[in-house]
Amino acid sequence: QLSQWSGFWAWQSEPTAELVWRPMLNAAEASSGMRRLLTGRASPAVPLKSMRACLLQTQPVWRSSAGAAASTAPPPKPQRPVPHLGGTPSIILPASLSVSRDDEISRRRSLCSSRELVQISEERLQEFLQAEVVYFASLEPKSVTLSQILDAKTPERAASLAYAELPIRFAQRIQQIEGLPGWEASPELVAVHRLYSDNFRDLRLIELDLVELAPFTVVIERIKGRMREVVHRLAVAMRALQRMKGIPEASIVQWLDTFFLSRIGTEMLTSQYLACVSTAGGGAPKIKRRGKVGVVDYNCDPARICEQAARHARKLCKEHFPSEDAADLEISVEHSLASSVELESQIRFPYVPNYLFYIMVELLKNSARATVEACQEEPHRKRSILITVGADDGQVAIRVEDQAGGIPFMAADRVWSYMYSTATQGGSFSQKGTPLAGYGVGLPLSRLYARYLGGSLHLQSMPGVGTCAYLYLKRLESEAREELPISSSVSGIPLI
């Protein structure tokens, strides 16, 4: 309730050494400045800055216990004021007050210029942050197009976009974890919950200064570092949760799809900002390839990325299978119209090269492993993998075709499950994972990366023959819009 005060009690040492009520003129001033409330230590004294209240427009109205509107008069004076510890007032929080607002946010308000120092305990801050999580989780994130991401080509624009969107997306994922039955008994889920809570806290306790972005850059770099193990931890946690709670596999897939799709969005926002900062940073000028804006390449070359992914997949295959079959594995890339000399220069489109590389590596890892295993069973038969790249004015299409025997019909519906692996070692989720077989999450994650900017990924398999994967990506930046889960899906996923 701290962010919606109509005033506060303060212990004033000068001139009367008594508690005084200080009314606020409007909602923005009423919550003047929780963003810099803490720097991580317990009970610091720092300038009071706005947190949620900078988003509000209306004057809060106190409600009585019966729910009737009361006046904006102060609540009862506290009976036991906290001791005054210095020459500045100490805020005393009302025990329990509820506030109503006529409207939610319509625009961000400027911060109050108050510079009063306050003291607040870590426990009280956590209570406030929990209320902030509930509030931000109720908001809808804004789905942005690739064109809008390209427009955020300066550090200032990228920072503004990330600062507005990240708290909403982190808050929704925090509540999504808390909606899982028995999540507190899972060390992995507790760890991921703590990571997202720390991300949310760091963002809410920092003031975005577009003139001096260094503090915000530190926060974003810290967030990026925390997120590295999220996929593995969640995969392990959901496997254990399925075993202990008997949650249907389809519900787990839906839950993880929602979580990971949002994670891709936060990854895009943070990566775009850091890339813009790196390009605009001081020191020796960095070599900037023509057409590159942050993490997005205006002239992304799908054939070139497929060739890079093929080399990487062959390397992993040789490391995993120290045999002649792996060494002789053939992966070729061709255009849909191989006779056209000019076609190579025509297939260019704005996209995130790292995302396309990830998708292609995951597809080729599966095909390469299955091809080598099939060659070991039938040494006399030569098998290869063919990648075909094509495009029209609206889409880029990539096909990956192998002759590795295909996927059994009974397993066809499970290839998009995070609980299943196409590897021959048991056909189930791998606790340890390998460079080639992974953790069983490569294919479903690849489909999410394709879906994120309006694309799609499909598999067609002929058992006993082989499998074809079809990847479709939007070619126009105005049509490539990020797909995001809505806030109602946070707690609405049926798990039991």
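Parameters and conventions
- Every chain is numbered on its own, with residues counted from 1 as its sequence reads.
- This being a predicted model, a pLDDT of at least 70 is required before a residue's local features are given, and a value of 80 or more before pairs of side-chain atoms are given or counted; all residues contribute to the totals for chains, interfaces and linings.
- As a rule here, side-chain values cover all heavy atoms of the structure and leave hydrogens and water aside.
- Any Lys or Arg side-chain nitrogen found within 4 Å of a carboxyl oxygen on Asp or Glu counts as a salt bridge.
- What counts as a helix is a DSSP run of H or I of at least four residues, what counts as a strand is a run of E of at least two, and both are numbered from the N terminus.
- The buried label goes to any residue with under 20% of its type's maximum accessible area, the exposed label to any with over 50%, and the partly exposed label to all in between, with areas taken from a 1.4 Å probe on protein chains only.
- What a helix is expected to span follows from its residue count: subtract one and scale by 1.5 Å.
- By construction, the arc corresponds to the directions joining the helix axis to the C-beta atoms.
- Any N or O atom pair separated by 3.5 Å or less is treated as a polar contact, with the protein-specific requirement of one donor-capable and one acceptor-capable atom, and with residues adjacent in sequence counted only for side-chain atom pairs.
- What the bend at a residue measures is the angle between two axes, fitted to the seven residues ending there and to the seven starting there.
- In this scheme, strands are said to pair when DSSP sees at least two bridges between them.
- The pLDDT value tells you how sure the predictor is about a given residue, anywhere from 0 up to 100.
- Contact between two residues is taken to exist if any of their heavy atoms lie within 4.5 Å; hydrogens are not considered.
- Here is the rule: rings of Phe, Tyr and Trp (six-membered ring for Trp) pair when centre to centre is within 6.5 Å. Planes less than 30 degrees apart are stacked, more than 60 are edge-to-face, and the remainder are tilted.
- Cation placement over rings: the criterion is NZ of Lys or CZ of Arg within 6 Å of the ring centroid and within 35° of the ring normal.

### Some remarks on the pattern of salt bridges
Alright, step 1. What the rule picks out here adds up to 14 salt bridges.
Alright, step 2. The residue Arg 204 makes a salt bridge to Glu 132 at a minimum N-O spacing of 3.1 Å. In this pair, Arg 204 sits in helix 5 (residues 187-204) while Glu 132 sits in helix 2 (residues 122-137), placing the two residues 72 residues apart along the sequence.
Alright, step 3. Residue class for Arg 204 comes out buried when judged on its relative accessible area of 1%.
Alright, step 4. Where Glu 482 meets Arg 169, a salt bridge forms, and the shortest distance between an N and an O atom there is 2.9 Å. In this pair, Glu 482 sits in the segment after strand 15 (466-474) while Arg 169 sits in helix 4 (residues 155-178), placing the two residues 313 residues apart along the sequence.
Alright, step 5. Under the relative-accessibility criterion, Glu 482 is labelled buried at 2%.
Alright, step 6. For Arg 169, a relative accessible area of 1% puts it in the buried group.

### What about helix 9 (residues 302-320)?
Alright, step 1. With 19 residues, helix 9 ought to run about 27 Å at 1.5 Å a step, and its terminal C-alpha atoms sit 27 Å apart, in line with that.
Alright, step 2. Those residues of helix 9 not exposed but buried are Pro 302, Ala 303, Ile 305, Cys 306, Ala 309, Ala 310, Ala 313, Leu 316 and Cys 317. Along the axis of helix 9, the buried positions cluster into a sector of 145 degrees, meaning they face one direction only.
Alright, step 3. The N-capping residue of helix 9, defined by a side-chain oxygen 3.2 Å from the backbone nitrogen of Ala 303, is Asp 301.

### Observations regarding helix 4
Alright, step 1. For helix 4, which comprises 24 residues, the first-to-last C-alpha distance of 34 Å matches the rise-based estimate of 34 Å (1.5 Å per residue) to within 8%.
Alright, step 2. At Glu 165, helix 4 is deflected by roughly 30 degrees, the largest bend along its length, and proline Pro 167 occurs up to four residues later in sequence.
Alright, step 3. Counting buried positions over the 24 residues of helix 4 gives 17, a clear majority of the element.

### Here's the deal with the sheet that holds strand 8 (residues 292-293)
Alright, step 1. Spatial strand order, 8-9-11: three strands in an open sheet with antiparallel pairing. Looking at which strands have only one partner, the edges of the open sheet turn out to be strand 8 and strand 11 (349-351).
Alright, step 2. Judged from the two bridges that link them, strand 8 and strand 9 (residues 296-300) form a sheet pairing that is antiparallel. Across the sheet, residue Val 293 finds its bridge partner in strand 9, namely Val 296.

### Let's talk about the confidence of the model for the protein
Alright, step 1. Here the protein averages 74 in pLDDT, while 65% of its residues score no lower than 70.
Alright, step 2. Segment residues 1-17 is flagged for pLDDT under 50; beyond a separation of four residues in sequence, or across chains, it makes 80 contacts in the model.
Alright, step 3. Confidence over residues 23-72 falls short of pLDDT 50; this stretch has 170 contacts with residues more than four positions distant or in other chains.

### Some details on the packing of aromatic side chains
Alright, step 1. Enumeration over the complete set of coordinates arrives at 13 aromatic pairs.
Alright, step 2. Summarising the aromatic geometry, the rings of Trp 255 and Phe 259 are spaced 5.4 Å apart at their centres and angled 20 degrees between planes, so their arrangement reads as stacked. Linking Trp 255 with Phe 259, this pair stays in helix 8 (residues 249-280), spanning four residues, or about one helical turn.
Alright, step 3. When the centroid spacing of 6.4 Å and the interplanar angle of 85 degrees are considered together, the rings of Phe 259 and Phe 260 count as edge-to-face.
Alright, step 4. The exposure class of Phe 259 is buried, given its relative accessible area of 0%.
Alright, step 5. The exposure class assigned to Phe 260 is buried, which follows from its relative accessible area of 2%.
Alright, step 6. When the ring centre of Phe 259 is taken as reference, the NZ or CZ atom of Arg 173 above it lies at 6.0 Å.

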